[in-house]
Amino acid sequence: MGLITLALFMFFTCSYAERNGPIQTFVIPHSHMDVGWVYTIQESMHAYAGNVYTSVTEELTRNKQRKFIAVEQEFFRLWWDSVATDKHRQQVRQLLKEGRLEFIIGGQVMQDEAVTDLDDDILQLTEGHGFLYETFGVRPRFSWHVDPFGASATTPVLFALAGFHALQFTLLGSPSLREQQEIFTHTMDQFSYCTPSNLPFSNSSGFYWNGVAVFPDPPKNGVYPNMSLPVTKETLRPYAETMVRNIQQRAAWFRTNHVLWPWGCDKQFYNSSVQFANMDPLVNYINQNSKEFGVTVQYATLSEYFQAVHQTNLTWEVRGNEDFLPYSSEPFQAWTGFFTSRNVLKGVARKASSKLKAAETLFTQYRVSYPDGPVPKEEALQKLKALRWAVSEVQHHDGITGTESPKVANMYMEHLTQAMMGVDELLAALFILTVLYSWGLNYYLEQHIVVYNPLAWNTTAVINVTVTFPMATVFDDQGQPVPAQIQGSAESNTTYDLFIVVDLGGLQHRKYLVRFSEKPCEEGPECGLTHQAWVVPFERQNVSKWLKTGRRLLPVLNECYKIKLDQDTNLLHSITDRQAMRTVTVSQDFWEYQVNGDVSAGPISDNYVFSANSSAVRAYKAIGLEIVPGKVITEIRQYFYREETDEVYSFSVTTRVPQGFPRGRPLCHRLEQSYSLGPLAVNTEVVLRTRTGLKNNRTLFTDDNGYQMMKRPYRPFVDNIIARNYYPMVRTAYIEDDSSRLVLLSERAHGVSSQAEGELEVMLHRRLWNNQLWNLGYNLTLNDSSVVRPSLWMTLGSLAATPSLHQREALELQHRPVVMPIDRLSGETPLRPVVLPDNLHLLTLCVPGWAYSSNHTLHLRSIGKRDTGTTQPDYNRVLMRIMHLYETGVDPVLSQPVTINIKEVLQSVGEVRVLEERSLTGTWDISDLRRWEWKTSERGQRSSVGTGGDFNVTILPKEIRTFFVSFKLK
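Residues numbered from 1 in each chain as written. Predicted model: local features only at pLDDT ≥ 70, side-chain atom pairs only at ≥ 80, totals over all residues. Heavy atoms only, no water.

**Quick look at the overall build of the protein chain**
- Each helix and strand counted, the protein chain has 16 helices and 43 strands in total.
- For the protein chain, whose C-alpha radius of gyration is 29 Å, the value lies close to the compact-globule estimate of 30 Å for 970 residues.
- Dimensions along the principal axes, computed over C-alpha positions, put the protein chain at roughly 95 × 70 × 55 Å.
- Classification of the 970 residues of the protein chain by burial places 64% in the buried group.
- Averaging the positions of the 92 positive and the 101 negative side-chain charges in the protein chain gives two centres separated by 3 Å. (Helix = DSSP H or I, 4+ residues; strand = E, 2+ residues; numbered from the N terminus. Rg over C-alpha atoms; globule rule 2.2 N^0.38 Å. Buried < 20%, exposed > 50% of the residue type's maximum accessible area, 1.4 Å probe, protein only. Lys, Arg positive; Asp, Glu negative; His and termini not counted. Charge placed at Lys NZ, Arg CZ, Asp CG, Glu CD.)

Here you go:
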């Protein structure tokens, strides 16, 4: 999306340039190719994307001076597989060998940085890197992250772990890892990643000689709209003066005499012949007159630019652990709306990611245990690859952000849902299942289910399945009754919610038998350990009659909390932390920002931008309340009605309070909330506002991509103060005072803010329309009429207790147990669990399938001998990542380094024979990886603890360690 680049970096403008001699200009030819946004991938491939790589390959081959950088891999892979001829493939290999075609970033897409999750950032980067290394032996070393709407502190950490040299300051992404993941960071100037388009001597745009791409079909005569004036004898000098003037303006931003001059923009170089035919004489003319202009110009790749800067050996400023969010392009254009836009897509994308992790892990266990088992490995890997592709694709900065057109959003949804269906089939096969039943249509009086824990921790969870019988008893794989609870569903009058308590080891599945009855069970052995719970309704309360409140408080208790509900309002009143013995006033309800859609009337909200013209207003006038007391969970149901006379509610909150779980167990501290809202009225943005008695000074903390927490003090801006104090929440947000912390955990991204003392508001849904011509032309008005059903988990506790909870709880929310109904039980006993220490997380355990030697020299030799299409996947190499969850100093125990023996940890999966440490995406042997060191004002020592010969590995706070694991196959 060519609207902006990271202009937020502008305050780093350097007035202390250290230049001697002429300005050395590195002209970087590129095309920004959005994997989505306005047009579907298929439309883009047909209209221009396929032609980019064809014409670039041919034109670079014709002239040895020409160069080009390729960024997003999805379009390149589609071109390579379905468009490129054998001659093109040969030419590409030669251009890579000569260093004139360079892959930058190398991920499947240029991902967003605000609302993507760590798992998915790593996945999409790994997908692209695996393809490039397997196919060409290429390993990207530089980033070109020019279009995401803000910058995360997590991104440079991941790029450093992947082996990148540089992203013009040095950035420490993680306070715990410091110099180990320090990276040199270039900042774009005010001209963004595009070539300046204004020509003082022409009405046409400048330097875009191939014009603007046309959809749906390229023009048959080859004449595109807005083609720049050709370079001729008459225009050569004016073009040169314009280009030099722009180079000099850019040079003022940077310390050295090296200027990066991006040549290209969105959807460019689909006709590279006309592009280079005009730029070639311009480059020559400026160089022939370099003394006059004070400038030299050369085609370059990004690595050549960074190498020249690195060789200056200057001392660089170090930026500490900080991000650059939110982004504002103008005082009333805070790019904080996309934190929430297309909430349904955000939820499906994360659900697909979680399903992928479960399937990857289970398939890995299966492959090691049953290398010749009945599940075809080829088919299994294809299903996994399809979901990897779909999850990677939607991480694009105009994908999961919700800033795409409706047809592109539908495309992402279709790709995700189809790939998930394939993985569901794989999961069924891996559990040796033959028939899948829908719980809602199950009329048998007996049902078997299997429940799988995709996390490498032992866990107790409550799973919920919808059934059509009023009574059910549950038994485990030993035939013992299991605690359960059945009750009428809040969503339907014809179904029931069956809650089952499951105890699961790490990476372990267990089987359960459910026996149904058409009659309620009173008491006795036939009831097993199932509790029948009944709905208790309360009087509906109108806001207009809230004259006196707090007189009738209704308690709901468990082992960790005493929750009080105010029967005068039907709202939450307070929560008592029974461990710390502190009561905090807490209430929750829905508010909405009513925003402008008329550009003539003032600032507007759209897919990207949140622009609140006034404070939020209450979104309801009456509240209904039901409570379902139980022995497994107690359910609190609140219904919010827009008008007093409405019979159908507009919003709802269902809070599940776990019962019977001892204090100290994570489940006891977890208040699980699910919401329903929509369709909204047009031009409203609805928030869940949680008001507390905490004295937080309007400061909140939110996570960067689920990796690290960032402090967000309230900033008193002059303009647009509400929207500019919104931040992205990917997994976690909390507020705190000197004693207590209130934590919210999420299974999809939202925008969050603390607009008043003790408040934490979460934007849950947006529906917008505006009359801005640009938005109308691209259908980017976000008229989202969907009903959304997000979930949040809430925890309240002391400052000492909550850090040990929310890191793991966030992962348990994201990777909940997988529940599969089956038609029969096998006699197999469950595998022994895989259990990591409490502060470590098994981030990845998968069979990537890459066909390359882990020895780089051998791999390059094999590429030279390989015929196209002859490689076979490697089904025996396992990729494993282990992450330390905690920052230094957060917890006296959990923040310490941890030493584990990988062979012992994985012994229930199989016998580990070989362990090789790799870079984040697996393409480097860690012992061969050498990253440039940049001279800084705060030079420290990079440190990491290696892998011992006895399989012992020490993992430091916030480290992510990546390994290839070879098992002895059973």
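Having put the structure on the table, let's press on.
**Overview of the state of the cysteines**
- Tallied over the full model, the rule gives two disulfides.
- Through a disulfide, Cys560 is tied to Cys668; the S-S separation comes to 1.9 Å. Of note, the bridge from Cys560 to Cys668 carries an S-S torsion of about 130 degrees and is right-handed in sense. Here Cys560 is found in the loop between β19 (553–557) and β20 (561–566), whereas its partner Cys668 is found in the loop between β26 (651–658) and β27 (671–677), with 108 residues between them in sequence. The exposure classification of Cys560 matches that of Cys668, with both residues buried. (Disulfide = S-S within 2.5 Å.)

**Here we look at the pairing of strand β14 (residues 484–488)**
- Burial runs high along β14: four of the five residues are buried.
- With five bridges connecting them, β14 and strand β15 (residues 496–504) associate as antiparallel partners. Bridge pairing in β15 places Ile486 opposite Leu498.
- Judged from the three bridges that link them, β14 and strand β17 (residues 530–532) form a sheet pairing that is parallel. Looking at the pairing, Ile486 lines up with Gln532 of β17. (Pairing = 2+ DSSP bridges.)

**Section: helix α11 (residues 377–393)**
- For α11, with 17 residues, the first-to-last C-alpha span of 24 Å sits near the 24 Å given by 1.5 Å per residue.
- Contact partners of the buried residues in α11: α1 (41–62), α2 (73–82), α4 (118–136), α10 (343–369) and α12 (406–430). (Expected span 1.5 Å × (residues − 1). Contact = heavy atoms within 4.5 Å.)

**A closer look at the packing of aromatic side chains**
- Applying the stated criterion across every chain, the model contains 57 aromatic pairs.
- Seen in terms of ring centroids, Phe131 and Phe136 are 6.1 Å apart; in terms of plane orientation they differ by 85 degrees. Their pairing is edge-to-face. Summarising the burial analysis for this pair, Phe131 and Phe136 share the class buried.
- Ring geometry for Phe590 against Phe640: centres 5.0 Å apart, planes inclined by 85 degrees, an arrangement best described as edge-to-face. Remark: Phe640 occurs in strand β25 (residues 633–641) and Phe590 occurs in strand β22 (residues 582–594); sequence separation between them is 50 residues.
- Residue classification places Phe590 among the buried positions, given a relative accessible area of 0%.
- Judged by relative accessible area, Phe640 falls into the buried class, the value being 0%.
- One aromatic cluster in this structure is built from Phe68, Phe201, Phe207, Trp209, Tyr239, Trp261, Trp263, Phe269, Phe276 and Tyr299.
- Here Arg89 stacks its cationic end above the ring of Trp80, 5.5 Å away from the centre of that ring. (Phe/Tyr/Trp six-rings, centres within 6.5 Å; stacked < 30°, edge-to-face > 60°. Lys NZ or Arg CZ within 6 Å of the ring centre and 35° of its normal.)

**Structural notes on the confidence of the model for the protein chain**
- Per-chain confidence: the protein chain averages 90 in pLDDT, with 92% of residues scoring 70 or above.
- Low confidence marks residues 2–17, where pLDDT is under 50. Its contacts with residues over four positions away, or in another chain, come to 52 contacts. (pLDDT = per-residue confidence, 0-100.)

**Side note on the sheet that holds strand β16 (residues 509–517)**
- Ordered by their spatial adjacency, four strands build an open sheet running β13-β16-β11-β37, and the pairing between neighbours is antiparallel. Because the sheet does not close on itself, it has two edges, and the strands there are β13 (471–475) and β37 (818–822). Pairwise comparison of adjacent strand axes, ignoring direction, gives a mean angle of 30 degrees for this sheet. (Axes fitted to C-alpha atoms, helices over the stretch in contact; angles between N-to-C directions.)

**Some details on the environment of Ile636**
- Mapping Ile636 onto the fold places it in strand β25.
- Taking the C-alpha atoms as reference, Ile636 lies 19 Å from Arg551; in sequence the two are 85 residues apart.
- If we ignore the near neighbours within four places in the chain, the residues touching Ile636 are Val556, Leu565, Leu625, Glu626, Val653, Thr654, Thr655 and Val657.

**Notes on the UniProt feature "domain: Glycoside hydrolase family 38 central" (unreviewed entry) in the protein chain**
- Mapped onto this structure's residue numbering, the UniProt feature "domain: Glycoside hydrolase family 38 central" (unreviewed entry) falls at residues 333–416.
- Split by type, residues 333–416 is 65% helix and 2% strand. Its first and last C-alpha atoms lie 31 Å apart. (UniProt positions renumbered as here; feature names shortened; annotations may be inferred.)

**Here's the deal with the sheet that holds strand β18 (residues 536–542)**
- The ten strands are arranged β18-β24-β25-β26-β27-β36-β33-β32-β29-β30 in an open sheet whose pairing can be described as antiparallel. A single partner strand is all that each edge strand has here, and the edge strands are β18 and β30 (708–712). The mean inter-strand angle of the sheet, taken between neighbouring strand axes irrespective of direction, is 20 degrees.
- Pairing analysis gives five bridges linking strand β29 (residues 700–704) to β30, with the strands arranged antiparallel. The residue of β30 that forms the bridge with Asp703 is Met709.
- In the packing of helix α14 (residues 803–814) onto the sheet, the strands contacted are β30, β32 (732–736), β33 (740–746) and β36 (791–798), and the crossing angle to β33 comes to about 15 degrees.

**Quick word on the pairing of strand β7 (residues 295–299)**
- Judged by which residues are buried, β7 turns out to be one-sided: Val295, Val297 and Tyr299 face inward and are buried, whereas Thr296 and Gln298, on the alternate face, are not.
- Note: strand β1 (residues 23–29) against β7, five bridges, orientation parallel. Counted as the bridge partner of Gln24 is Thr296 from β7.

**Quick look at the packing of α4 against helix α5 (residues 154–161)**
- Following both chains from N to C, one finds α4 and α5 inclined at 40 degrees, their axes separated by 11 Å at the closest point. Taken together, the axes of α4 and α5 are oblique relative to one another. Viewed along their axes, α4 and α5 form a crossing whose handedness is right-handed. Residue-level inspection shows Leu118, Asp121, Ile122 and Leu125 of α4 in contact with α5, the latter providing Thr154, Leu158 and Phe159. (Parallel < 35°, antiparallel > 145°, perpendicular 65-115°, else oblique. Left-handed = near helix turned anticlockwise from the far one by under 90°.)

**Details of the pattern of salt bridges**
- Here the structure, examined in full by the defined rule, presents 43 salt bridges.
- Put simply, Lys407 and Glu43 hold a salt bridge, and the shortest N to O gap is 3.0 Å.
- Classification of Lys407 as partly exposed rests on a relative accessible area of 39%.
- On the basis of relative accessible area, Glu43 is assigned to the partly exposed category, the value being 25%.
- In this structure, Asp280 and Arg66 form a salt bridge, with 2.5 Å as the shortest nitrogen-oxygen distance.
- By relative accessible area, Arg66 is classed as buried at 7%.
- One continuous salt-bridge network, built from bridges that share partners, spans Glu59, Arg62, Arg66 and Asp280. (Salt bridge = Lys/Arg side-chain N within 4 Å of Asp/Glu carboxyl O.)

**Notes on the environment of Thr85**
- Structurally, the position occupied by Thr85 is in the loop between α2 and α3 (86–98).
- Linking Thr85 and Thr54, residues 31 residues apart in sequence, is a C-alpha distance of 9.1 Å.

**Concerning the environment of Ala358**
- With respect to the secondary-structure elements, Ala358 resides in helix α10.
- Remark: the alpha-carbon pair of Ala358 and Trp253, spanning 105 residues in sequence, is separated by 47 Å.
- In this view, Ala358 contacts Tyr452, Pro454 and Val818; residues no more than four positions away in its chain are not counted.

**Side note on the packing of α10 against α12**
- Axis separation between α10 and α12 bottoms out at 10 Å; the angle between their running directions is 30 degrees. The orientation of α10 relative to α12 falls into the category roughly parallel. Remark: the crossing between α10 and α12 carries left-handed chirality. Facing Val344, Leu345, Val348, Ala349, Lys351, Ala352, Lys355, Ala359, Leu362, Phe363 and Tyr366 of α10, the residues of α12 in contact are Tyr412, Met413, Leu416, Met420, Val423, Asp424, Leu427 and Leu430.
- In the contact of α10 with α12, the residues fall into 16 nonpolar, no polar and three charged. (Nonpolar A, V, L, I, M, F, W, Y, C, P; charged D, E, K, R; others polar.)

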